[in-house]
Amino acid sequence: MSAVLVTGATGRVGRHVVAQLEEAGAEARPLTRQPHPSGFVGDVREPTSLLPALRGVEGVFLVWPFTTAEGARELLEVIAGQARRIVYLSSAAVRDHEREVESMVEKSGLEWTVLRPHAFAANALQWADQVRAGVVREPYGQAAMSPVDERDIAAVAVRALTGGAHHGATYLLTGPESLTRERQARIIGEALGRPVRWEEAPAGEARERMVASGLPPEVADGILEAQAALARTPGPTTTTVEAVTGRPARTFHAWAADHAPAFRPATMRAARIHAYGDASVISYDEIPRPSPGPGEVLVEVAATSFNPSEVGLRLGLLDGVLPVTLPHTLGWDVAGTVAEVGAGVTALRPGDRVIGLVDGAAADYAVAPASMLARAPETIPLADAAAIPVAGLTAWQAVFEHARIAPGTRVLVNGAGGGVGMFAVQLAKRAGATVVATASPRSAAAVRRHGADEVVDYTTNELPGGMDVVLNLAAVAPEAARRLAGLVRPGGRIVTVATPVDSPLATHFVARNDPTQLGELASLVDSGALSVEIAESHPLTSLHDLHRRAESGRTRGKITVIPRSTS
């Protein structure tokens, strides 16, 4: 069979058109706006961008997802120059812009078919949160329609795209049975095995909710007017799906059964501890996925990173400094994509790439205050950016706030081969210091790449003295900490983030969350002034092994942890 270009290929209908074309033996060409392994890049608002995807196609499945017809004529001219056949997904409402596009399609010179689906069964997905709570509170519960399964719409589209008997046809598509909105909610409950109650709400309440979710007021008004009309006069029921495809349209009962998982409480996997102890206390639990509250966002985690201090937390050694409530989800670093935003969040929106220092990042999702996140750097993989928050903030605050390193300062970075050391060496050099770094032979090359002027193998050599600043980033024995105190000149400074150093010159601190500094770090990464190196990357279920290795001194550098195999 010939090729078919599918616009809206990731939408509710388009993705099924792609799948069913392939099942029928046709070549489906999904159109995507961003590069994708299985798609052709193009934007219907820029018609000539579709030319590479249109070469050699027989037909086009057209979705015009805009509220005006502006630009549609130019697109159809480009399509008509390459293809023979078009199927346009309109709607039963036939709004003004849809009627305009239909008219343009009919006059395009192409073999054409117009689909006018009535209410989508998938519209019920907007009730998912309410169904999980057991009560759907919406207006016009008695509005009656025959919901059509999106797979049936796709099936009709595929028949029209691959056969020549549908030219000039306008198909009104519905499901096989008229159902009130209230009855649809009950059917979903039956599919879930538990009751779902309908609670009639004022139309004004629903309008406020729609507008708050981003719908233009006129669109919200149009939806409510249509529902009111269906409460007075039920919508039509047609047999078009069966007439075109040769099989009955799917029932709403079947749709609800197939989509029941979407209405069940959303869950996620998380690495948690239920008690303090050795690495065996880490469990991988399936728990409810959190929802963002006011001022918060839900982040789909691309990666977290392992911090050696989490070993101390797991053992209960940090209870006085960082008390947690058990069970506790591990992970402080997060790099991910905003999945949902809570009320009042305007600076971030779904799809934004972010980094931050949060609680509970060793999971599929994490909730964080929007104000405490920063934009992720664009020039490195998002998962690699998980190395930045804890280690980067610790290094930044050590170098610039506590050590106050200036040009000409001679600095000893003890533990330069670790995650904090990676950033501390680079930031100290950026501040103009002469950097002497300690590292084992396995870390020496990386430390040199980060800019250290001198690398000392602490396993075989004495550490040099006369330093203006000593940055201690390693957990060392008390005796070794005392020796570090003797390496700084009179009037110098000792800054430690690990083992305390007993000296009047010493400062011990725990890094604080600072999204402004995170933003500065991300900008340095994007400018090429700061590099991020990942020593290892492992799935979430390897976290217990990382803890064991860290306790025996067998980890180095930054190690990222990936919650999902698809990330």
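This one's a predicted model, so the numbers in the text were calculated from it and none came from an experiment.

1. What about empty space enclosed by the protein?
Next up, step 1: Under the counting rule described, the total for this entry stands at 1 cavity of 30 Å³ or more.
Next up, step 2: Every residue lining the largest cavity is listed: T304, S305, F306, E310, G331, A362, L543 and V561.
Next up, step 3: By residue number, the principal contributor to the lining of the largest cavity is strand β14 (residues 296-306), which donates 3 residues.
Next up, step 4: For the lining of the largest cavity, the per-class residue count stands at 4 nonpolar, 3 polar and 1 charged.

2. Concerning the pairing of β14
Next up, step 1: Of all 11 residues making up β14, 9 are buried, and the element is well covered by its neighbours.
Next up, step 2: Where β14 lies against strand β18 (residues 365-369), 5 bridges are found, and the strand directions are antiparallel. Within the sheet, the bridge partner assigned to L298 lies in β18 and is V367.
Next up, step 3: Relative to strand β16 (residues 333-341), β14 runs antiparallel, the two being bridged by 6 bridges. Counterpart to V301 in the pairing with β16 is G336.
Next up, step 4: Two elements, β14 and strand β27 (residues 558-562), share 3 bridges in a ladder whose sense is antiparallel. Paired with S305 across the strands is T560, a residue of β27.

3. Points about the nonpolar core
Next up, step 1: Counting residues in hydrophobic clusters, the biggest one holds 52 residues, and the most contacted among them are I388, I405, V413 and L471.
Next up, step 2: Every element with two or more residues in this core is listed here: β14, α14 (389-402), β20 (410-414), α15 (419-430), β21 (434-439), α16 (441-449), β23 (467-472) and α18 (515-527).
Next up, step 3: For this core, the element with the highest residue contribution is α15, accounting for 7 residues.
Next up, step 4: Residue contacts for I405: discarding those within four places in its chain leaves V399, V411, A428, A431, A433, V469 and L471.
Next up, step 5: Judged by nonpolar contacts, the second largest core, of 28 residues, contains A9, V156, Y171 and L173.

Here is what the cut-offs are and how they apply
- Residues numbered from 1 in each chain as written.
- Predicted model: local features only at pLDDT ≥ 70, side-chain atom pairs only at ≥ 80, totals over all residues.
- Heavy atoms only, no water.
- 1 Å grid on protein atoms, 1.4 Å probe; cavity = no way out; pocket = protein on both sides within 12 Å on 5 of 7 lines; lining within 4 Å.
- Points joined across faces, edges and corners; volume = space filled by probe spheres on them.
- Helix = DSSP H or I, 4+ residues; strand = E, 2+ residues; numbered from the N terminus.
- Nonpolar A, V, L, I, M, F, W, Y, C, P; charged D, E, K, R; others polar.
- Buried < 20%, exposed > 50% of the residue type's maximum accessible area, 1.4 Å probe, protein only.
- Pairing = 2+ DSSP bridges.
- Core = buried A, V, L, I, M, F, W, Y, C linked by side-chain atoms within 4.5 Å.
- Contact = heavy atoms within 4.5 Å.

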